[in-house]
Amino acid sequence: MMNDLNFTHSIEEWPHFCIPLAHGTQLAARAWLPTNASSCPVPAILEYIPYRKRDGTATRDEQMHPYWAAFGYACIRVDMRGCGESTGLMLDEYLQQELDDAVEVIKWLADQPWCSGKVGMMGKSWGGFNSLQVAAMAPPELAAIVTVCSTDDRYADDIHYRGGSLLLENFSWAATMSCYMSKAPDPLLLPDTWRTLWLQRLEAMPFLAKQWLEHSYKDDYWKHGSINEDYSAIKAAVYCIGGWGDAYSEAIPRMMQGLSCPKKAMIGPWAHKYPNDASPKPEIDFLGEAKRFWDYWLKDIDNGIMAEPSIVAYIQDSVPPQAAYDERPGIWVEGHQWPIQSGSLNFWLSDSGELVEHATGGQVSVDSPLTTGAASGEFCVIWCGPDFPTDQRQDDANSVCFDTKPMVQAVSILGGAVFNTHVTSDQACGQMILRLCDVAPDGSSTRITYGMLNLAMRAGLDDPQLVIAGQSMEITIKLDDTGYEIPQGHRLRLSISTAYFPLLWPAPQKANLNLDLSATHLSIPWHDRSGQLTRDLGHGYVCPVKAMTDTRPETHTRSTQINAVNGLHTTIIDDDFGEFTFVEHGLTVGEVCHEEHGILPHDPHSATSLCQWHSHQSRVDWEIDVYTRLKVTCDATHFYLDATLEAFENGQKVHLKTWQEHILRGFS
């Protein structure tokens, strides 16, 4: 198996076993480990997520974990309680119970006769989040973590809020999780208990959208699990990996500045993907890079990895705007701190619509149609369909824009731009959205980076303050860190809007913002393209996977419809994840998601969000279908949530649950 890579160990797979917890819960697990591990113990690597080892991540797990096992590690993929074939219930993200269970699992792993006593933890997204959170609990057996596409701040950067503004992803993710949590355990693995477990989960299903809406600022609910509340709690070594195309790239620079433990970081051009199977390319040898990190921290092999510059980052070349990219050309640079260099470009805003090099005066008003944002793309590019931001010209037309003159020479940005101003709102609310764009000579506008602020959060995400109409507010907005080269002859554009739908839910009232240009300044970090990476990051490798047969191909579409009568903009997203059968055990699975997000140009209370999922599981004489639906509307004071969950066994409805809730908007 895979002998072309000079693996050092033959391996075996344990397709299903259970890890017992102290109070009777059994966590379902899958493992790959050397065949001689019982006589020659090896370190363990834990991945601990809710996405179902039997089907949800089965193929992806097979692409990664056998690789490390074949180099002398026991790789353990564990489903959290209430997921897959694990017993118990999952009631929310990142609860203390989840983290306590992980600490128990780590202790159990370290105590096994085939384990050397040292444990690493890794994961992408949810698994990257809880790797950080578990590391902050400092279990003594945990020596190192690899965290991919994750965040240190659950409120600032997760899929619920951004800049204190409510993300529509909050609702689509709630519908997604309801679908995943509603799937049945596999009767082939739990012949006597699967149905009882499944019905218990359905009956206890939490209404996540309501829970998340009830916390509209960074209160204790969000501070729990946000490791930036106390970076010093993490003692284990940390390798942070992510991409500029991912929603969580902003967290890596913060962690590299805040963590005091041994640390490394790599930021490529990627979306929400592991970089050995990346989108967009270039891929790297992520499995080999992680192995070097594991070898150093779990096997005490001094391979020089920690003597290298601690940060590797990618500066992307300019590209025309499009909804998906196969590749983003560019260069790799490295350094010992973030930002890697300290230089910056400084601009002021003129009332003639220019970015200039000296302070100016005057004022400018911003009052965007609520349909501004149609070219925003997905907040988090997870499925890698047509989800990247497209040509920004229409959104620019609905914004107030400030341009440089054409660049006399290329300029590379590396870091996070910072915008300062004094602003007044004519309403007791308001949002400000900033986009930095690369404008080509043909007029096309590519979004480089962006940032936003709910003006109620101007004093801090954990310190909301009411907006007083007509009262001047001093605000600072940090745009997301990025790496991007603006070519000679292109212009740099700052676009300012008061709406960004369907990425952000609109403020309760349509506000006109007035900026004092004498107090307005934009600082953009630059890089001179020196210190380019010389070591080879290798090529993406994935291990061979077990056979599957496809019965329906995967497809993804995204479009915007405009009603000519009233100007209603509706974004329609269809994600069909296909249907396929695992040949080895005969399980067939399939999922389909449909979303519609609509708004009128001048009525914030017209916003609607509809998310629907259908999941299917089947074998001969056994069929499970689950349908989830969530519709959200609003007025000036409340959100209105209407949701259903229907489950069918062999065509017969066995469960129906509905929710109708109205929730105070708080600071949203």
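Because the structure is a prediction, the values reported are computed rather than measured. (Residues numbered from 1 in each chain as written. Predicted model: local features only at pLDDT ≥ 70, side-chain atom pairs only at ≥ 80, totals over all residues. Heavy atoms only, no water.)

1. Side note on the packing of aromatic side chains
Point 1. Across all of its chains, the model carries 39 aromatic pairs by this definition.
Point 2. With centroids separated by 4.9 Å and ring planes inclined at 65°, the aromatic side chains of Tyr-296 and Trp-297 adopt a geometry described as edge-to-face.
Point 3. Grouping aromatic residues by their ring pairs yields a cluster made of Tyr-51, Tyr-94, Trp-126, Phe-129, Tyr-180, Tyr-248, Trp-383, Phe-577 and Trp-613.
Point 4. Lying across the ring of Tyr-239, Lys-264 places its NZ or CZ 5.8 Å from the centre.
Point 5. The ring of Tyr-325 carries Arg-328 above its face, with NZ or CZ at 4.9 Å from the centroid. (Phe/Tyr/Trp six-rings, centres within 6.5 Å; stacked < 30°, edge-to-face > 60°. Lys NZ or Arg CZ within 6 Å of the ring centre and 35° of its normal.)

2. Some words on the pairing of strand β5 (residues 115–124)
Point 1. β5 sits mainly inside the fold: seven of its ten residues count as buried.
Point 2. In the sheet, strand β3 (residues 42–49) pairs with β5 via four bridges, with the strands oriented parallel. Note that in β5 the partner of Ile-45 across the bridge is Gly-120.
Point 3. The pairing of β5 with strand β6 (residues 142–148) spans six bridges and is classified as parallel. Within the sheet, the bridge partner assigned to Val-119 lies in β6 and is Leu-142.
Point 4. Of the crossover connections in this fold, the one passing from β5 over helix α3 (residues 126–136) to the parallel β6 is right-handed. (Buried < 20%, exposed > 50% of the residue type's maximum accessible area, 1.4 Å probe, protein only. Helix = DSSP H or I, 4+ residues; strand = E, 2+ residues; numbered from the N terminus. Pairing = 2+ DSSP bridges. Right-handed = clockwise from strand over helix to strand, strands pointing away.)

3. Here we look at helix α8 (residues 251–258)
Point 1. Those residues of α8 that fall on the buried side of the exposure criterion are Ala-251, Ile-252, Pro-253, Met-255 and Met-256.
Point 2. Contacts made by the buried residues of α8 are with α3, β9 (237–243), β10 (263–268) and β11 (311–316). (Contact = heavy atoms within 4.5 Å.)

4. With respect to the sheet that holds strand β19 (residues 431–439)
Point 1. The strand order β16-β23-β19-β20 describes an open sheet built from four strands, whose pairing is antiparallel. Where the open sheet ends on each side, the last strands, each with one partner, are β16 (400–403) and β20 (445–454). With direction set aside, neighbouring strand axes in the sheet form an average angle of 20°.
Point 2. Pairing between β19 and β20: nine bridges, direction antiparallel. Bridge pairing in β20 links Leu-434 to Gly-451. (Axes fitted to C-alpha atoms, helices over the stretch in contact; angles between N-to-C directions.)

5. Describing the packing of helix α1 (residues 58–69) against helix α9 (residues 286–298)
Angle between the axes and distance between the axes are the two parameters that describe a pair of packed helices.
Point 1. Here α1 crosses α9 at 40°, and the two axes come no closer than 10 Å. Between α1 and α9, the crossing angle belongs to the class labelled oblique. Helix-helix and strand crossings are classified by hand; for α1 and α9 the assignment is right-handed. Contacts between α1 and α9 involve Gln-63, Met-64, Tyr-67 and Trp-68 from the first element and Phe-286, Leu-287, Gly-288, Ala-290, Lys-291 and Trp-294 from the second.
Point 2. Within the contact of α1 with α9, the residues separate by chemical class into seven nonpolar, two polar and one charged. (Parallel < 35°, antiparallel > 145°, perpendicular 65-115°, else oblique. Left-handed = near helix turned anticlockwise from the far one by under 90°. Nonpolar A, V, L, I, M, F, W, Y, C, P; charged D, E, K, R; others polar.)

6. Brief notes about the nonpolar core
Point 1. With 201 residues, the main nonpolar core has Trp-68 and Phe-286 as its most contacted residues.
Point 2. No other element matches the eight residues that helix α4 (residues 169–181) contributes to this core.
Point 3. For Trp-68, the residues in contact, after removing those within four places along its chain, are Ile-45, Tyr-73, Cys-75, Met-122, Phe-286, Leu-287, Ala-290, Lys-291 and Trp-294. (Core = buried A, V, L, I, M, F, W, Y, C linked by side-chain atoms within 4.5 Å.)

7. Considering unusual backbone geometry
Point 1. Here Ser-279 and Pro-280 are connected by a cis peptide whose omega angle stands at -10°.
Point 2. Secondary-structure assignment places Pro-280 in the loop between β10 and α9.
Point 3. Going from Phe-501 to Pro-502, the amide bond is cis rather than trans, its omega being 20°.
Point 4. By secondary structure assignment, the location of Pro-502 is in the loop between β23 (491–497) and β24 (513–527).
Point 5. Although it is not a glycine, Cys-384 sits at a positive phi angle of roughly 60°.
Point 6. Checked against the element boundaries, Cys-384 lands in the loop between β15 (363–366) and α10 (393–397).
Point 7. Residue classification places Cys-384 among the partly exposed positions, given a relative accessible area of 23%.
Point 8. The residue Asp-621 is not glycine, and still its phi comes out positive at about 70°.
Point 9. Locating Asp-621 in the fold gives a position in the loop between β29 (603–619) and β30 (622–634).

8. Points about the pairing of β9
Point 1. In terms of burial, β9 is largely enclosed, as seven of its seven residues are buried.
Point 2. Where burial is concerned, the two faces of β9 agree: the one with Ala-237, Tyr-239, Ile-241 and Gly-243 and the one with Val-238, Cys-240 and Gly-242 are both buried.
Point 3. Of the strand pairs in this sheet, β9 and β10 are connected by six bridges, and their pairing is parallel. Of the residues in β10, the one forming a bridge with Tyr-239 is Lys-264.
Point 4. One crossover worth recording links β9 to the parallel β10 by way of α8, and it is right-handed.

9. So, the packing of helix α2 (residues 96–111) against α3
Point 1. At a closest axis distance of 10 Å, the pairing of α2 and α3 adopts a crossing angle of 75°. When the axis of α2 is compared with that of α3, the two are roughly perpendicular. From α2, Glu-98, Leu-99, Ala-102, Val-103 and Ile-106 reach across to α3, where they touch Trp-126, Asn-130, Gln-133 and Val-134.
Point 2. When the residues that make up the contact of α2 with α3 are grouped by side-chain class, the tally is six nonpolar, two polar and one charged.

10. Quick notes on the pattern of salt bridges
Point 1. Tallying each qualifying case throughout the model produces 46 salt bridges.
Point 2. Asp-111 is the salt-bridge partner of Lys-107, the closest N and O atoms lying 2.6 Å from each other. Here Asp-111 and Lys-107 lie together in helix α2, a separation of four residues that amounts to about one turn.
Point 3. Residue class for Lys-107 comes out partly exposed when judged on its relative accessible area of 40%.
Point 4. In this structure, Asp-157 and Arg-162 form a salt bridge, with 3.3 Å as the shortest nitrogen-oxygen distance.
Point 5. With a relative accessible area of 2%, Asp-157 lands in the buried category.
Point 6. Beyond isolated ion pairs, a larger network of salt bridges with shared partners links Glu-13, Arg-30, Glu-62, Lys-546 and Glu-584. (Salt bridge = Lys/Arg side-chain N within 4 Å of Asp/Glu carboxyl O.)

11. Topic: the state of the cysteines
Point 1. By the definition in use, this model includes zero disulfides.
Point 2. Just so you know, Cys-380 is unpaired, no disulfide at all, and the nearest cysteine sulfur is the one on Cys-149, 7.4 Å from it.
Point 3. Left unpaired, Cys-437 is separated from the closest cysteine sulfur, that of Cys-401, by 7.4 Å.
Point 4. Taking relative accessible area as the criterion, Cys-437 reaches 0% and is therefore assigned buried. (Disulfide = S-S within 2.5 Å.)

12. Considerations on the side chain of His-490
Point 1. For His-490, the position within the fold is in the loop between β22 (482–486) and β23.
Point 2. Judged by relative accessible area, His-490 falls into the buried class, the value being 12%.
Point 3. Separated by 2.8 Å, the side chains of His-490 and Asp-438 make a polar contact.
Point 4. Dropping the residues within four chain positions of it, His-490 is found in contact with Ser-318, Lys-405, Pro-406, Met-407, Asp-438, Val-439, Ala-440 and Pro-441. (Polar contact = N/O pair within 3.5 Å; in protein donor to acceptor, adjacent residues only side chain to side chain.)

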